[in-house]
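Tertiary structure, described
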Amino acid sequence: MSWLFGYKSQVPQQGLPDGDGANVGQPGGAGQASGDVQLSKAERKAMEAYRFDSSALERAAEAAKTLERSKHAREALELSKLQENTRQQEYMAKVKEYEAHIETSKVEQKRVDHEERRKTLAEETKHQQQRAQYQDQLARKRYEEQLAQQQRVQEDNLRKQEESVAKQEAMRRQTIEHEMELREKNKMKLLEAEMRAKAKVDRENRDLTLEQIRLKAEENRVTVMEGIKTAGSVLGQGATALLSDWNKVATTVGGLSLLALGIYSAKGATGVTARFVEARIGKPSLVNETSRFSLLEAVRHPITTLSRFRAKPLDALQGVVLQPKLEERLRDIAIATKNTKNNKGLYRNILMHGPPGTGKTMFAKRLASHSGMDYAIMTGGDVGPMGRDAVTAIHKVFDWANTSRRGLLLFIDEADAFLRKRSSEQISEDMRSALNAFLYRTGEQNPRFMMVLASNTPEQFDYAINDRLDEMVEFTLPGLEERERLIRLYFDKFVLQPAAEGKKRFKVEQWDYGAVCSKMAQMCEGMSGREISKLGVSWQAACYSSEDGVLTEKMVLDRCEAAARQHKQKMAWLSEQEKLDHKSITGGKGFLV
């Protein structure tokens, strides 16, 4: 009931912060504060708490009297009690709120401490991991250094052993050379002694030798003269007897005539027999290579001929590296050709076109071997130089092909050389006649032989030649995947296998062969399989030309880079017309090994 006495909570409330109930409402407080300037703030608050205001007491007494005279005194008293209770409850709520705030602060402080502890543990764990990694790196580096030191020690030992072996070999060679030199000197001395002895004997027997030579010459002269006299007398008597008897003259003339007739008849029969043998057993002059049996070839190369008979039919696509669609198409052709041969059907003519070095000739050979047929290879460039004899030579080829019992695959390489267009190309009469003869002999399909034409520029063929083709297959340059497979194949064939066989002056340094082959496949873009196979041969040459006979990664990459540079130079040398003719030289993914 502070309002009854005229002041408001001069005493600060317990448990609340400073300033919440410290505002003094008594008058005159400001004047006293100005008089107590030298006192501290806490001292002033303590003095104000125990100061008594009489005016306030008087006002309170007056208010109490007024309240007692009022008819609402009891309600006012009850109201003041209610207000006081409300203030007490508000005070208790603030105390509870303050305590809750303190508890919340404690929980937040615990959470912050826990978070800091967790971060500290994470940092410690991270530092421990870094320390462990660093120690592991140090241990690995020490291990690598130990390995390198061991390798250097091994290399030093190996070098010392090689030097020792070289010294021993040099000493052995010097010993052998010295022995040979001594032996040669002894031989020369012995020969010189023999020559001296022989010369001495000849000088002593000179008169006897001259007498023997004189007697032999005299006997030889007498013998020759007697032979001449005897032959002259016999020939003279025979001529006299022949001329004196006309019957003998007629008999002699008839015998000579019969002899001439026999010689002429034998010559003609020999020519006919030779042509028959050439058609049945031998091979025509236009055929450069054939697997067909030849008596002359069997006599010259019996082992090769026997190996051909013992060889088993190979798969037509064995060792082939090409894209799946082209492989599937070639396999269908191989199966169809084999079944045609077994069923004695009519063979189909095939055109294989594409850049050089893509394996057209090799596939033709394997197709013949897979089908159980013989093959014959001729070149279109051989027809032109024959002139008028080209027509006869072409007829001989087809006559010879018709006599094959197993079936013949006639492969004509560079066929566009003599099968050019007659309408737009300027060709000679002899070439035109040869083309007409070829068209005459290939007008219908044959159960005895099949034709396989190969060309880099198929657009130059005469239209009649195109009409005789039943299947056209394009062989294109290898892609990235095919180049990598080819490089791996030739690297194993020309490098790893010779090194494993232990050939002299051929060793390979250790490196990642697979990664190097993948890198070289990217470097060899645009190269054909033939160029890649030559790259394998160049690796061998690099190893043979080195001082120690060891093929290193740098040597392999240098040869590959040089081959790629040479390929680009070759492509730059092509004229515009050649680039148009070889338009397929820059694309594709198929290739044959």
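All values derive from a computational prediction rather than experimental measurement.

A few words now on the overall build of the protein chain. Of regular secondary structure, the protein chain possesses 18 helices and 10 strands. A buried classification covers 27% of the 593 residues belonging to the protein chain. A fraction of 80% describes how many contacts in the protein chain between residues 6 or more apart in sequence connect residues 24 or more apart. When the accessible surface of the protein chain is totalled, it reaches about 41200 Å², and 55% of it is carbon and sulfur.

With that settled, the discussion passes to the packing of helix 15 (residues 513-523) against helix 17 (residues 553-573). Interaxial distance between helix 15 and helix 17 falls to 10 Å at its minimum, and their mutual angle equals 15°. In terms of axis orientation, helix 15 runs roughly parallel to helix 17. Crossing angle aside, the handedness with which helix 15 passes helix 17 is right-handed. Within the contact between the two elements, helix 15 uses V516, K519, M520 and M523 and helix 17 uses E553, V556, L557, C560, E561 and A564. Across the contact of helix 15 with helix 17, the residue classes tally to 7 nonpolar, no polar and 3 charged.

Considering the arrangement of structural elements, one finds I394 in helix 11 (residues 389-402). For the pair I394 and A437, spaced 43 residues apart in the sequence, the C-alpha separation amounts to 7.2 Å. Filtering out sequence-adjacent residues up to four positions away, I394 remains in contact with L286, V383, F418, A434 and F438.

Below, the discussion takes up the sheet that holds strand 5 (residues 408-413). Sheet strands pair by backbone hydrogen bonding; their relative direction is either parallel or antiparallel. Judged by pairing direction, the sheet is mixed, and its 6 strands sit side by side in the order 1-4-5-6-3-7 without closing on themselves. The outermost strands of the open sheet, each flanked by one partner alone, are strand 1 (287-290) and strand 7 (471-474). On average, each strand axis in the sheet is tilted by 20° relative to the strand beside it, whichever way the strands run. Examined bridge by bridge, strand 5 and strand 6 (residues 449-455) share 5 bridges and lie parallel to one another. Paired with L410 across the two strands is M451, which belongs to strand 6. Here helix 10 (residues 360-371) sits on the sheet and contacts strand 1, strand 3 (350-353), strand 4 (374-379), strand 5 and strand 6; the angle it forms with strand 5, its principal contact strand, is near 175°.

Before going further, it helps to examine the pattern of salt bridges. This structure, assessed with the given rule, holds 19 salt bridges. Between R118 and E115 there is a salt bridge; the shortest N-O distance is 2.3 Å. With R118 and E115 both in helix 4 (residues 73-204) and 3 residues apart, this pair spans about one turn of that helix. Accessibility expressed as a relative area gives 45% for R118, which makes it partly exposed. The residue E181 makes a salt bridge to K185 at a minimum N-O spacing of 3.7 Å.

The subject of this paragraph is a nonpolar patch on the surface. Taken together, the side chains of M188, L191 and M195 make up a nonpolar region of the molecular surface, amounting to roughly 310 Å² of accessible area. Along the polypeptide, M188 turns up in helix 4.

Quick look at the packing of aromatic side chains now. Overall, the coordinates contain 9 aromatic pairs when judged by the stated rule. Ring geometry for F398 versus F449: centroids 5.6 Å apart, planes at 55°, classification tilted. Of the two residues, F398 sits in helix 11 while F449 sits in strand 6, which places them 51 residues apart along the sequence. Its relative accessible area of 2% is what places F398 among the buried residues. Plain terms: the ring middles of F491 and W511 are 6.3 Å apart, the flat faces sit at 70° to each other, and that makes the pair edge-to-face. Of the two residues, F491 sits in helix 14 (residues 480-500) while W511 sits in the loop between strand 8 (507-508) and helix 15, which places them 20 residues apart along the sequence. In textbook terms, an aromatic cluster arises when at least three aromatic residues are bridged by ring pairs, as seen for F398, F418, F438 and F449.

Here we come to a negative patch on the surface. A grouping of E509, D512, E547, D548 and E553 is seen on the molecular surface, where their side chains present a negatively charged patch. When you line up the elements, E553 lands in helix 17.

Our next topic: the nonpolar core. Membership of the largest hydrophobic core comes to 31 residues, with the highest contact counts inside it found for V383, I412, F418, L419, F438, L453 and I465. Sorting the residues of this core by element identifies strand 4, helix 11, strand 5, helix 12 (429-441), strand 6 and helix 13 (463-467) as the ones contributing at least two each. In terms of residues, this core owes the most to one element, helix 11, which gives 7 residues.

What follows concerns unusual backbone geometry. With phi around 55°, K344 is a residue other than glycine that occupies positive phi space. In this structure K344 comes out as exposed when scored by relative accessible area, which is 74%. Even without being a glycine, E414 presents a positive backbone phi close to 50°. The topology assignment puts E414 in the loop between strand 5 and helix 12.

So, on to the confidence of the model for the protein chain. Residue-level pLDDT values for the protein chain average 78, and 79% of them are 70 or greater. A low-confidence stretch, residues 1-37 stays under pLDDT 50, and its non-local contacts, those more than four residues away or across chains, total 34 contacts. Low confidence marks residues 584-593, where pLDDT is under 50. Its contacts with residues over four positions away, or in another chain, come to 53 contacts.

The terminal C-alpha atoms of helix 14, which comprises 21 residues, lie 28 Å apart, in line with the 30 Å expected from a rise of 1.5 Å per residue. Maximum bend of helix 14: about 40°, positioned at D492. All buried positions along helix 14 are accounted for by E482, R483, L486, I487, Y490, F491, F494, V495 and P498. The first or second residue beyond helix 14 is G502, which carries a positive phi of 75°.

Counted by the stated rule, this structure contains 3 cavities of 30 Å³ or more. Of the voids in this model, the largest cavity is the one considered here, and its volume is about 60 Å³. Along its surface, the largest cavity is lined by Y347, N349, R441, T442, E444, Q445, N446, F449 and M451. Looking at the lining of the largest cavity, its residues break down into 3 nonpolar, 4 polar and 2 charged.

What counts and how
Residues numbered from 1 in each chain as written. Predicted model: local features only at pLDDT ≥ 70, side-chain atom pairs only at ≥ 80, totals over all residues. Heavy atoms only, no water. Helix = DSSP H or I, 4+ residues; strand = E, 2+ residues; numbered from the N terminus. Buried < 20%, exposed > 50% of the residue type's maximum accessible area, 1.4 Å probe, protein only. Contact = heavy atoms within 4.5 Å. Areas by Shrake-Rupley, 256 points an atom, 1.4 Å probe, with all protein chains shown as cover. Axes fitted to C-alpha atoms, helices over the stretch in contact; angles between N-to-C directions. Parallel < 35°, antiparallel > 145°, perpendicular 65-115°, else oblique. Left-handed = near helix turned anticlockwise from the far one by under 90°. Nonpolar A, V, L, I, M, F, W, Y, C, P; charged D, E, K, R; others polar. Pairing = 2+ DSSP bridges. Salt bridge = Lys/Arg side-chain N within 4 Å of Asp/Glu carboxyl O. Patch = residues over 30% accessible without salt bridge, like charges linked within 9 Å, V, L, I, M, F, W, Y side chains within 5 Å. Phe/Tyr/Trp six-rings, centres within 6.5 Å; stacked < 30°, edge-to-face > 60°. Lys, Arg positive; Asp, Glu negative; His and termini not counted. Charge placed at Lys NZ, Arg CZ, Asp CG, Glu CD. Core = buried A, V, L, I, M, F, W, Y, C linked by side-chain atoms within 4.5 Å. pLDDT = per-residue confidence, 0-100. Expected span 1.5 Å × (residues − 1). Bend = angle between axes of the 7 residues up to and from the residue. 1 Å grid on protein atoms, 1.4 Å probe; cavity = no way out; pocket = protein on both sides within 12 Å on 5 of 7 lines; lining within 4 Å. Points joined across faces, edges and corners; volume = space filled by probe spheres on them.

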